[in-house]
Amino acid sequence: MVTIHDVAARAGVSPATVSRFLRGQRVRSYEAIQAAIDELGYWPSAAAQSLKSGRTNTIGVVVPDITNPYFAAVVKGMESVTRTEPYRILLANSDESSEQEDDVLADLVRRVDGIILAPATEQDQTPLHVRDADVPLVFVDRDLAGGERFDAVLVDNDGGGRQAAEHLLALGHTKVAAISGTLDTTPGRLRREGFVGTLAKAGIEVPPEYDLVGDFKEHSGYQLTLSLLSLPEPPTAIFAANNLMTLGVLKALHDMRIDIPGQISLIGFDDLDTGPLLKPPLTVIDRPMVEQGVLAMRLLLRRLDPDETGGSASRVVLDTKLIERASTAPPGGWPAPSRTRKTRSR
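On a predicted model such as this, the values are computed, not experimentally measured, just so you know.

Turning to unusual backbone geometry, a few remarks are in order. Omega for the peptide link from Ile 260 to Pro 261 comes to 5 degrees, which places this bond in the cis form. Assignment of secondary structure puts Pro 261 in the loop between helix 11 (243-255) and strand 9 (265-269). The step from Lys 279 to Pro 280 runs through a cis peptide bond, and the omega angle for that step is -5 degrees. By the element assignment, Pro 280 lies in the loop between strand 9 and strand 10 (283-286). Although it is not a glycine, Arg 257 adopts a positive phi angle of roughly 55 degrees. Counting through the fold element by element, Arg 257 comes out in the loop between helix 11 and strand 9.

Set out below in structure tokens:
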């Protein structure tokens, strides 16, 4: 590996002179030093540069599930911003665990200039310590209880749940189930409140056996759908509160040979690239996922700009929209239970 000493020897100057050149200071032998760097292919290490500047030019991004297509789209939006900036992204996964998130943040706070975080729960305390360490922090998708002091790019989760309920009500559904995400997260809590609250205002109560809570993962959507299908009176419509749980619901209905939407209508939250191609194409509540990442990164870069003053926190809430496809329709009803004909013994 070529070192600063090799460059100095080739240019006929001291290592200290090369170091001053690399920091952008004026030196007499700059042409000889640049020639030596070009000939030897020397590249100053990022670690060495960060020690000199006090910056790492790295931004930490912590999400609950890196396998979720939603978070992939959000990170794509972030990268579209950093592509023209001197920053690179260090992506980490908390796996929906506050404990794992604590470990990740404790490591990142020493290695990055700023952090974009989707908190594992609304009760997380570690982000407060990150702020106290003077590391800029922006929330994306999720919030903290009392998190108004932080910049955040969120979505109207309550409004999205309301849109889903209004769509099913307009189709005539009254036996409606909700599969929510964990209720100690912003999306899990608010989407359920918007959905169930809208039904209640229309005079429709969601019974406990229809009001289920998953963990934002496909398996929970699958298992909870099986529990709904085992009921004496299954629902005629299901609202799944994120994309992965929606896929689990869809798989369970297919495995049990349930006609969609003839027997059960399905509406999910967050569109998928394959949503229009699924059988049937999925009705969803969509949101601008890439834009969320773009806005979150811009807010963080503003905090990292030395020319910007502190200022109050910026709270951005984006709208959702209904995309109606073939997985929802007016209730069609279930076939009557079959009865075994008894014969008299003679």
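We are not done yet, so read on.
Below, the discussion takes up the sheet that holds strand 6 (residues 176-180). Across the sheet, six strands lie side by side as 7-6-8-9-10-12; this open sheet has mixed pairing. Each having just a single partner strand, strand 7 (211-213) and strand 12 (321-323) make up the two edges of the open sheet. Strand-to-strand twist in this sheet, taken as the mean axis angle between neighbours without regard to direction, amounts to 15 degrees. The pairing of strand 9 with strand 10 spans three bridges and is parallel. Paired with Gly 268 across the strands is Val 284, a residue of strand 10. Contacting strand 6, strand 7, strand 8 (237-240) and strand 9, helix 9 (residues 186-201) crosses the sheet at an angle of about 170 degrees to strand 6. Across the sheet, helix 11 touches strand 6, strand 8 and strand 9, and the angle it forms with strand 9 is around 160 degrees.

For helix 1 (residues 4-11), the full list of buried residues reads Val 7, Ala 8 and Ala 11. One side of helix 1 holds all its buried residues, which, seen down the axis, span an arc of 100 degrees. Summarising the geometry of helix 1, the exposed residues directed more than 90 degrees from the buried face are His 5 and Ala 9. Buried residues along helix 1 sit against helix 2 (15-22) and helix 3 (30-40). Positive phi shows up at Gly 12, right after helix 1, with a value of about 75 degrees.

Structurally, Arg 131 can be placed in helix 7 (residues 126-132). On the basis of relative accessibility, which here comes to 31%, the residue Arg 131 falls in the partly exposed class. Each residue touching Arg 131, except ones within four places of it in the same chain, is listed here: Arg 149 and Phe 150.

Relative orientation and spacing of two packed helices are given, respectively, by the angle between their axes and the distance between those axes. At a minimum axis separation of 8 Å, helix 1 and helix 2 run at an interaxial angle of 105 degrees. The angle between the axes of helix 1 and helix 2 places the two elements in the roughly perpendicular class. Judged by residue contacts, Ile 4, His 5, Val 7 and Ala 8 of helix 1 engage Pro 15, Val 18, Ser 19 and Leu 22 from helix 2. For the contact of helix 1 with helix 2, the residue count by class is six nonpolar, two polar and no charged.

This part covers the nonpolar core. Here is a general trend for soluble globular proteins: nonpolar side chains tend to be buried in one another's company. By size, the foremost hydrophobic cluster in this structure holds 37 residues, and its most contacted members are Phe 195 and Ile 238. With near-sequence residues (within four places) excluded, Ile 238 lies in contact with Ala 177, Ile 179, Thr 225, Leu 228, Val 249, Ile 264, Ser 265, Leu 266 and Ile 267. Ranked by size, the runner-up nonpolar core spans 25 residues in total, among them Val 75, Val 138, Leu 299 and Leu 300.

Another aspect to go through is the side chain of Thr 186. Position of Thr 186 among the secondary structure elements: in helix 9. For Thr 186, a relative accessible area of 5% gives the class buried. Looking at Thr 186, its side chain comes within polar contact range of the side chain of Glu 122, at 3.0 Å. For Thr 186, the contacting residues outside a window of four places in its chain are Glu 122, Arg 142, Asp 143 and Asn 157.

Conventions and cut-offs
Residues numbered from 1 in each chain as written. Predicted model: local features only at pLDDT ≥ 70, side-chain atom pairs only at ≥ 80, totals over all residues. Heavy atoms only, no water. Helix = DSSP H or I, 4+ residues; strand = E, 2+ residues; numbered from the N terminus. Pairing = 2+ DSSP bridges. Axes fitted to C-alpha atoms, helices over the stretch in contact; angles between N-to-C directions. Contact = heavy atoms within 4.5 Å. Buried < 20%, exposed > 50% of the residue type's maximum accessible area, 1.4 Å probe, protein only. Arc of directions from axis to C-beta. Parallel < 35°, antiparallel > 145°, perpendicular 65-115°, else oblique. Nonpolar A, V, L, I, M, F, W, Y, C, P; charged D, E, K, R; others polar. Core = buried A, V, L, I, M, F, W, Y, C linked by side-chain atoms within 4.5 Å. Polar contact = N/O pair within 3.5 Å; in protein donor to acceptor, adjacent residues only side chain to side chain.

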